[in-house]
Structures are given as structure tokens and as C-alpha cells.
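What follows is each chain in one-letter form.
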Amino acid sequence: MTKPEAISQIEFLREEINRHNYLYYILDSPEISDAKYDRLMRELEGLEKLFPDLISPDSPTQRVGAPPLEEFGTLKHTIPMISLQNAFTEEDAIEFDAKVKRFLHTADDIEYVAEPKIDGLAIELVFEKGLFTAGSTRGDGEIGENVTQNLRTVKSIPLRLLKPKSGPIPERLEVRGEVYMRLSDFNKLNKRRMEAGEPLFANPRNASAGSIRQLDSNITASRPLDIFCYGVGIVEGLKLSTHWDTLETLKSFGFKINPLIRRCRNIDDALRYHREIEEKREALDYEIDGVVLKVNSLRLQEELGEISRSPRWAIAYKFPPRQETTRVVNIEVGVGRTGALTPVAIMEPVNVGGVTVSRATLHNQDEINRKDLRIGDTVVIQRAGDVIPEVVMVVKSKRTGHEQPYVMPDKCPSCGAYVVKDGIVWRCPNVTCPAQVKESIRHFTSKSGMDIEGLGYKHIEQMVDRELIEDPSAIYSLSISDILKLERFADKSARNIIAAIDKSRETTLPRLIYALGIRDVGEHTAKLLSNTFGTIDALKKAKYDDLIKIREIGPEVAKSILAFFAEERNLDLIDKILKGGVTYKIGKATKGGPLDGKSFVFTGTLKRFSRDEAEGVIESLGGRPTSSVSKKTDYVVAGEDAGSKLDKAKELGVKIITEKEFVTLTGLEI
Ligand code: IVH
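Fair warning: this is a prediction, and the values are worked out from it, not measured in the lab. (Residues numbered from 1 in each chain as written. Predicted model: local features only at pLDDT ≥ 70, side-chain atom pairs only at ≥ 80, totals over all residues. Heavy atoms only, no water.)

### Observations regarding the overall build of the protein chain
Inference 1: Of the regular secondary structure elements, the protein chain holds 24 helices and 28 strands.
Inference 2: In summary, the protein chain has a C-alpha radius of gyration of 28 Å against a globular reference of 26 Å for 670 residues, a match within 12%.
Inference 3: Its C-alpha atoms give the protein chain principal-axis dimensions of about 80 × 70 × 65 Å.
Inference 4: Counting every position in the protein chain, which comprises 670 residues, the buried fraction comes to 47%. (Helix = DSSP H or I, 4+ residues; strand = E, 2+ residues; numbered from the N terminus. Rg over C-alpha atoms; globule rule 2.2 N^0.38 Å. Buried < 20%, exposed > 50% of the residue type's maximum accessible area, 1.4 Å probe, protein only.)

### Some words on the packing of aromatic side chains
Inference 1: All told, the structure shown has 12 aromatic pairs when counted by the stated rule.
Inference 2: Ring plane angle 80° and centroid distance 5.2 Å describe the contact between F564 and F565, whose orientation is recorded as edge-to-face.
Inference 3: By relative accessible area, F565 is classed as buried at 9%.
Inference 4: Among the aromatic residues, those joined into a ring-pair cluster are F600, F602, Y635 and F662.
Inference 5: Against the face of W426 rests K421, its NZ or CZ located 4.3 Å from the ring centre. (Phe/Tyr/Trp six-rings, centres within 6.5 Å; stacked < 30°, edge-to-face > 60°. Lys NZ or Arg CZ within 6 Å of the ring centre and 35° of its normal.)

### Details of the site of the ligand
Inference 1: Not every one of the 13 residues close to the ligand is listed here, only the nearest: L84, E115, E178, Y230 and K294.
Inference 2: Note that an oxygen atom of the ligand is positioned 3.0 Å from one of the backbone N or O atoms of L84.
Inference 3: For the ligand, a nitrogen atom lies 3.0 Å from a polar atom in the backbone of I118.
Inference 4: Of all the secondary-structure elements, those providing two or more residues to the shell around the ligand are β3 (112-118) and β10 (288-295).
Inference 5: With 4 residues, β3 is the single largest residue contributor to the shell around the ligand. (Near = heavy atom within 4 Å. Polar contact = N/O pair within 3.5 Å; in protein donor to acceptor, adjacent residues only side chain to side chain.)

### Brief notes about the sheet that holds strand β27 (residues 635-638)
Inference 1: Reading across the sheet, the 4 strands line up as β26-β25-β27-β28 and stay open at both edges, with parallel pairing between neighbours. The open sheet terminates on both sides in strands that have one partner only, identified here as β26 (624-626) and β28 (655-658). Here the strands of the sheet are splayed against their neighbours by 35° on average, with no regard to which way each runs.
Inference 2: Docked against the sheet, helix α23 (residues 644-652) engages β25 (599-603), β27 and β28, running at close to 135° with respect to β25. (Pairing = 2+ DSSP bridges. Axes fitted to C-alpha atoms, helices over the stretch in contact; angles between N-to-C directions. Contact = heavy atoms within 4.5 Å.)

### With respect to the sheet that holds β3
Inference 1: Strand order in this open sheet of 5 strands is β2-β13-β10-β3-β9, and the pairing throughout is mixed. Sheet topology places β2 (86-87) and β9 (262-264) at the edges, where each strand pairs with a single neighbour.
Inference 2: As judged from the 2 bridges shared by β2 and strand β13 (residues 314-318), these two strands associate in the parallel manner. Bridge assignment links A87 to a residue of β13, and that residue is Y317.
Inference 3: Running over the sheet, helix α3 (residues 90-104) touches β2, β3, β10 and β13 and is turned about 170° from β13.
Inference 4: Here helix α9 (residues 267-280) sits on the sheet and contacts β3, β9, β10 and β13; the angle it forms with β10, its principal contact strand, is near 165°.

### Brief notes about the layout of surface pockets
Inference 1: One number sums up the size of the second largest pocket: a volume of about 900 Å³.
Inference 2: Around the second largest pocket sit 32 residues that line it, and R337, V431, Q436, R569 and N570 are the ones nearest its centre.
Inference 3: Of the residues assigned to the lining of the second largest pocket, the class counts are 15 nonpolar, 7 polar and 10 charged. (1 Å grid on protein atoms, 1.4 Å probe; cavity = no way out; pocket = protein on both sides within 12 Å on 5 of 7 lines; lining within 4 Å. Points joined across faces, edges and corners; volume = space filled by probe spheres on them. Nonpolar A, V, L, I, M, F, W, Y, C, P; charged D, E, K, R; others polar.)

### Quick word on the packing of helix α1 (residues 3-26) against helix α2 (residues 34-50)
Inference 1: For the pair α1 and α2, the least separation of the axes is 10 Å and the interaxial angle reads 145°. Relative to α2, the crossing made by α1 is left-handed. Across the interface between the two elements, Q9, I10, L13, R14, E16, I17, H20, N21 and Y24 of α1 pack against D34, Y37, L40, M41, E43, L44, L47 and E48 of α2. (Left-handed = near helix turned anticlockwise from the far one by under 90°.)

### Side note on the pattern of salt bridges
Inference 1: Under the definition given, this model contains 49 salt bridges.
Inference 2: A salt bridge links E124 to R176, with the nearest nitrogen and oxygen atoms 2.7 Å apart. Here E124 is found in strand β4 (residues 121-128), whereas its partner R176 is found in strand β7 (residues 172-181), with 52 residues between them in sequence.
Inference 3: Accessibility expressed as a relative area gives 10% for R176, which makes it buried.
Inference 4: Between D269 and R272 there is a salt bridge, with its nearest N and O atoms 2.8 Å apart. Within this pair, D269 and its partner R272 are both found in helix α9, separated by 3 residues, close to a single helical turn.
Inference 5: Here D269 falls in the buried class, since its relative accessible area comes to 15%.
Inference 6: Here R272 falls in the partly exposed class, since its relative accessible area comes to 42%.
Inference 7: Connected through salt bridges with shared partners, the residues R182, D185, K188, D226 and K256 form a single ionic network. (Salt bridge = Lys/Arg side-chain N within 4 Å of Asp/Glu carboxyl O.)

### Thoughts on the packing of helix α20 (residues 555-566) against helix α21 (residues 568-579)
Inference 1: Interhelical geometry of α20 versus α21 gives an angle of 75° and a closest axis separation of 5 Å. In terms of orientation, α20 and α21 fall into the roughly perpendicular class. Counted together, F564, F565 and A566 of α20 and E568, N570, L571 and I574 of α21 form the full contact between these two elements. (Parallel < 35°, antiparallel > 145°, perpendicular 65-115°, else oblique.)

### Quick word on unusual backbone geometry
Inference 1: You will see that D372, though not glycine, has its phi angle at about 50°, which is positive.
Inference 2: Note on placement: D372 falls in the loop between α11 (365-371) and β17 (374-375).

### Re the confidence of the model for the protein chain
Low pLDDT means the predicted atomic positions in that stretch should not be read closely.
Inference 1: In the predicted model, the protein chain carries a mean pLDDT of 90, and the fraction of residues at 70 or more is 97%.
Inference 2: Mean pLDDT across the elements of the protein chain ranges from a minimum in helix α22 (residues 611-620), with 74, to a maximum in β3, with 98. (pLDDT = per-residue confidence, 0-100.)

So this is what it looks like as C-alpha cells:
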């Protein structure tokens, strides 16, 4: 076969295979047998082998795995992937609708799009000039893991957009959706794993997340993953006016959209939809945990905007949690990193909505008393979404008289120190308590903290028990011979741990702040502190008023931060960590920066910077890059070929500046 002949045959085969993929994976109505499909694939593979330079990234042969990665890279979401507020009752949903109307100053019906809320893994797909170029997990909402190669193996994700009947292919299109596993496929997968003696997945969501987060994409390719797309990030070169339009457009590009999605004229329609879907829930071959209601008009969405990292224009109206009954066989007490003692009910294992549950937190003694819970009691437990299982109530009618009332111990179960009662919380006051030390090291080394890969709780336990380490900073003085003293460590695995510890030395300020384990300071607060203070030293010196000025930090959190830095022991800990070789890039203290609080939107192409760079500049000067123009936008920076955002800015009277003016404004060029 000559090359020109091969080109045309390859093109023909790809089109055919793509068409059959679409019929099979998206429309669920195949036209040819699997054997016939396999023949087409084999012919294409054969030709691509003969003419390797004709292989293109969107060829259906490229859906197979690639060589394993050492680790995932990261990808920044152009528009953060924020999450939704929840509604649990009809009243909550009605109140949501009322709030929308109040905010928009209208009494008119609001049109909603109602969608099943798929219980899977949120991902983003990027298409440039129609070609799938990148895919990522949600991550922390701003930065996700680069799982492009794995997503390529998901057959219902198009590698190239279908040509729409009318209109252009967008320059850039970011599509968001939920990767999930069908229940039937999940059960088959677990059956195979059981036969092979492999550990089982607890539920389809874990199976999907575990499959997408595989460093070896061949493994992902072997897993039966599917996707429903439900939204977009940046869309360049397309005009959309409603969410419904968006979904229709995505459908026409070849994306899989959930067939149960419906347009609702008003909130009453949406409530009916919720009831209907709840009834259908058990019959579906995939897990859903509620419905999502979204204001249909994109203009209204924009006007509504966001509040505390959730859109005002959408809500997740959850189904009631699944409940089961079981028996409490014991109550154990755990000691957390801040010394808080938490009673945990140990129960006969029971399956709650697909997950086997055998432990549930009882929070504290007051909670046990309030519920009058005794060892031996039959209890109703529930699991709501990601929430740790909880005991809802005791079934008193099942009591036999042999149940044992429970009182928390007055000594710490780990170190034996007398417990101090701090309000409803009982605390072990001994800062050298092994349980607290282990928990604080676990927190310090965790993924969101110093991220020391391969160092598990079992290792930490042994290290503390053998007095190899006595606080988190001691991790940085461990040697290979120390690690070799632990059980089940050989030379190679010990070297790997040391390498992982070494790698963690180069970190970021938010990670370091989070890792310290300051009470009430989670990932988000750590980021706020990093942005505001820029260095650990500046944070150490922060006063109550400096902290409280930060929009999302309240008095309680501010006090926890001050209390942490008031302890000599904690200051020593920080010194030792830094002496252990930990470094971080100095963040910019953005508060009070020249662009403090100003919001920017870019449109068109910039000459001097990439979007990422320009956004970085804004952030470093205290400003906020945003994606869509509203009345609240301070500046629209218009590059070449500026599009609809420029029109919008003119319409709303938002200040428009050129790239050159932007450079002057930011002081990059004087
Ligand atoms: S919309 C700003 N629609 O639920 C709007 N989310 O907190 C963001 N999810 O992890 C999401 N099905 O991945 C939307 N039809 C649907 C969804 C959905 C599932 C997930 C989403 C996110 C969480 C929302």
C-alpha cells in the first residue's frame, strides 16, 4: 500500500471506528458486532504500525495505556472547580429558590435545569481547537492532578469534538463532568478481584477514583469507566445563553449527557423532579446521591455569582441518607493530634448503601448520654455522602437488660495522663502522649501536608514506639539505618522512604502551615494565611487584628492560631523543621498589595504573557483574576481579537484597559 492510500484508508477507518464508538458508548445502540469492530481496530493498528508517522493523538488506537508515570503532574483549573451547597429537605430547596429571587429582586418564576447528582469523581477535560489535550481531577478546586493519559482510555470521552451541525468548533473548551462506574460493572470488577485474591473496592465511587488515579494508565484502561458531563469551564469562541443550551451543545460535540436531565419551569417542577428521581434511584445502574438544581439562564447565573466558594445559582438537593440497624459491641476511645478523646462505637459490620460500616464516631460523652447509648445496644446508623457513619438513635425496644452504660475513662488510654475536661471535649494534656505525637506526625506527613509518599501510619507507629522520633521535625533527621530498624523494610524500600522525605523538603508555604497542625487551620485557611503573610516569620508575628481582617477568618480560628504561636514548644518545632532542610518559595504578602481586592478579566490574546503568567502577576499583587465579566469586575484587559467579554464590559460600563496599560498598572514596566 502506498502512503497516500494508507492516509485515506486510515482516515476512513478512524471515522468508522469513531462513529461506532459513539453509537456504542454514547447512544447505547451499536450497529455492528464486537468482532466486526475488533477487525476495524486491528486494521487501523496494522496500518499505523506500518506508517507510525501517521499516528495522531485523536486516533482511536491511542485510548490504550501508556508507560507508567513516576507521579502525576498538576494542572491549574482556569476557573476554579467549586462545590455546591446542600439542601436536605423540601423547605431547604424552597428557601434556595426564595434566596435566588430575593437576590435578583424578582417575584417571577425561575427556570431550573434539574440533573441527577452522580456519585463519582469530578474531572475537567480541555479541548483545544477541537482536540482533547488535557484532563485533570478536581484536586483542591484550583489545582488538580494531570490524569490526561488515563482519561484518554475512557471510551465515552471524545478525543476530538464532533463537527457541530452549525457554528464553529470552539478555540478552547473546558468540559466538566463526573467519571463513574456502573453498578453492574463494579460488581463484576469486584468479583474478579475476589477470585484473584485482590482487595475489593468499598463502593463504585472509590473504584472510579482509584482507577483514574492510577500511575499506570494500562490499569485505568482495563477498568469499566464512564462519564456524564454536566458543565463547562472556559468556553472560547461559542455563544451560550442557557445551561440547557450548554448541555445540548456538549451533546452535539459528542459528550455523554445524562438522559434524565430536565428543564423545570419553576421550583415546584424541580421538587416534583426530585421525588421522581428518588423513586427511580434504586432502578438505576449507577449511584446518585441527590439532584442538582441549576438556574438555567447564564445571564442570571452570572448576576447571582458565588458565595463562600459555592455558586448562588445552584444547589445539591440530597436524598435522605441511607440507614441500617446493627449492634454496638464495644466503645473504644481514640486520641487525636490535639489530645481530644473521641469515643468510637465498634459495631457488627453492616452494609449501608454499598459500604461496609463497623465503626462510628460518638463525638463525646455528652452525645453518648444524650442518646443513652450502651454497649450491646441495637442502633440505627446512617452514612450521608462522604460523612463518617454516625449513630442516629438507639432502638430501645430491642434492649435485653444486659446492655452496659458507658463512661469515658478519666485517664488517657494511650499515656495514662489524667484527662482535662475542656467544655464538652475531654483532652489528654500530655503533649508528649504517644497517641498525640503519632497523630500529629500522621497529619504532618499527609498528602495535604508535607506529602511524604510511602510513609504510612504503621511506620509512624513503630517509629514513635521505638523512640526513633518524638515530634514531626524528627522525620528530617532519619537515616537509612533508622528506617532499616523497622519491620518489613529492606534496603530499597528504606531508600525510597528517605528519598520521599528528601523530596518533601522543598515545599510550599500553605503545605507547611497546614502540616503544623494548628487547631482549626485546614487547607483553605492555610492558603489564606500564606497569601496574607507570605512567610512563616510574618505569620508568627501576626496579631489578632491582622488575622481577623482576613475575610474568611473568624475570632475562634484567630485565637487558635495565636495560641499555637504563643507556645515556645511550637516555635521550636518550626525552627527544627526549617533546620531539617525544609524550604518553601516565599509567597507574596498580598494584602495591601497595589491591586488589593481588584478583580480582573482577560479577553483575547495577550502578547507579553500567557494567561497563567498574567493571572500569577495579579495574584501576587493582591488582585483576583476572574473568568466572567460582571458589574463587580474592576478591569477587563482586552488583548487581540477580544470577544464577547469586551462587549459585555462595554455594556456594563466596566473599565477596559489594553495589555500595555495593564503592564503599567502592575508596575512591571515604568
Ligand atoms: S455542578 C458549580 N452537576 O457534585 C457547579 N455537579 O459539589 C459545580 N456532581 O464534586 C458542580 N453530578 O462533581 C454538578 N449534575 C451535576 C453533578 C455534580 C455530580 C458532583 C461534582 C462535585 C459535586 C458538587
